[in-house]
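If you want the building blocks of each chain, they are given just below.
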Amino acid sequence: MEIVQNLSEFSSTKPSFITIGTFDGVHIGHQQIIKRLVDEAAKNQCNSVLLTFFPHPRRVLQSETPLQLISTIDERIDILEKMGLNTLVIQPFTAAFSRLSPTEFVRSILVEKLNVKKVFIGYDHRFGRNRSADIDDLKSFGEIYDFEVIEISAQEIAEVAVSSTKIRKALDKGAVEQANAYLGNPFGLTGKVQKGKSLGRTLGFPTANIVVEEDYKLIPANGAYWVYAIIENKKVYGMMNIGFNPTVAGNERSIEVHFFDWTEELYGKLITIRVLRRIRNEQKFDSVAALSDQLKKDQSLCEKWMASI
C-alpha cells in the first residue's frame, strides 16, 4: 500500500476508485465499504484509494471539546495495510483546508490529483466549506467531471448497526467486548514501556507501565482487563489495570500490565496491548494485602478464560 502524506507532490495517471472519510477504528462497517471498493477497483483495473484526514476534523474545528479517537493514525495505517488498498492518502486537515469550497475540493483533489472515476460514499456524507455539500451535489459534480458516485444506503449501514460513536461510548464505559464486536478485532493500545513505581513487583505481580504518547487516543474506562500482546513473535496473555491505584493513594492515571508468562526486560519497548474482556471496576482496598488477594483472583479468572479458548 502506497501512503501519500502530501497531495501537492502526488498525482495519479491511473484512474481511481475512491472512498472518503476519517475511518476511526476501521470498524466492521468501514471494512465492508473498503472491501467493496478494493474488489471493484481490481475488477476494473483501477487504483483503489482511501482518502482520510489527520488530525480528525472535529479536533481542528471544535478544539474546545477535543474528540478522543479509537485509533491513532499509525494504528489506522496498520489495519488498512491488511485490506488490499493500493493507496492511502492522509490529507492534513487544517482550518485553511476546511474552507475549500465543494467545487475546489472536487476539482483540485478528486479530479486533478486522484483521477477519480468512481466514489463510494455514505448516503449522509457532507463535504466542502461548512459541510455545505451533500451526496446529491457530489453526483452533480460527477456528471460534470465524468465520475460515478456509488451511494452506501441507509439500509446497508443500518444492517451493520455500528458507528465509531457507538464504539467510543462502549469504551468509555469499559464495555470492551461490545466494542470488539463492532471493531471486528480486539481494541488496541500502543505505547512504550517506562519505569513506574514498581508497586506490582512488591505485590508479586510485576507490571509493565505503558505510556501512550498520543493525547487524542481514547483510553477505556478505569478498571481491570484481560489482555494479550505479541512480544518477540509470542502471544503473551496478561491483565491490565487502568486507573489511579487508589489503594496506595495514587494521583496519576496509569496503564499497567502484568504478563503471565514473560519475565524478560521490557523497558523501552513499543508494545500493542489487545484488550479482550473487562474483569472488574477499579477498587480501593483496605490494605495492600487485600489488593494482592484480589489480583490472584483476577489472574485465576483470566486463566479460566484462557483455558476456554
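Given the structure is predicted, the values throughout are model-derived calculations rather than measurements.

Explain the pattern of salt bridges to me, please; I cannot follow it from the model alone.
If the charged atoms of two oppositely charged side chains come close together, the side chains can form a pair. Tallying each qualifying case throughout the model produces 12 salt bridges. A salt bridge links Lys118 to Glu40; the shortest N-O distance between them is 3.7 Å. Taken together, the residues span a long stretch of sequence, with Lys118 in strand E5 (residues 116–122) and Glu40 in helix H1 (residues 28–43) at a distance of 78 residues. The partly exposed category is assigned to Glu40, whose relative accessible area is 22%. The residue Asp298 makes a salt bridge to Arg280 at a minimum N-O spacing of 2.8 Å. Of this pair, Asp298 sits in helix H11 (residues 288–307) while Arg280 sits in strand E12 (residues 270–280), and the two are 18 residues apart along the sequence. Taken individually, Asp298 and Arg280 each receive the classification buried, so the pair is uniform in this respect.

Explain the pairing of strand E8 (residues 208–211) to me, please; I cannot follow it from the model alone.
Regular strands place side chains that alternate from one sheet face to the opposite one. As paired strands, strand E7 (residues 187–194) and E8 are joined by three bridges and run antiparallel to one another. Looking at the pairing, Lys192 lines up with Val211 of E8. Bridging between E8 and strand E11 (residues 254–259) involves three bridges; their strand directions are antiparallel. Its bridge partner being in E11, Asn209 is matched across the sheet by Glu256.

Cut-offs and rules
- Residues numbered from 1 in each chain as written.
- Predicted model: local features only at pLDDT ≥ 70, side-chain atom pairs only at ≥ 80, totals over all residues.
- Heavy atoms only, no water.
- Salt bridge = Lys/Arg side-chain N within 4 Å of Asp/Glu carboxyl O.
- Helix = DSSP H or I, 4+ residues; strand = E, 2+ residues; numbered from the N terminus.
- Buried < 20%, exposed > 50% of the residue type's maximum accessible area, 1.4 Å probe, protein only.
- Pairing = 2+ DSSP bridges.

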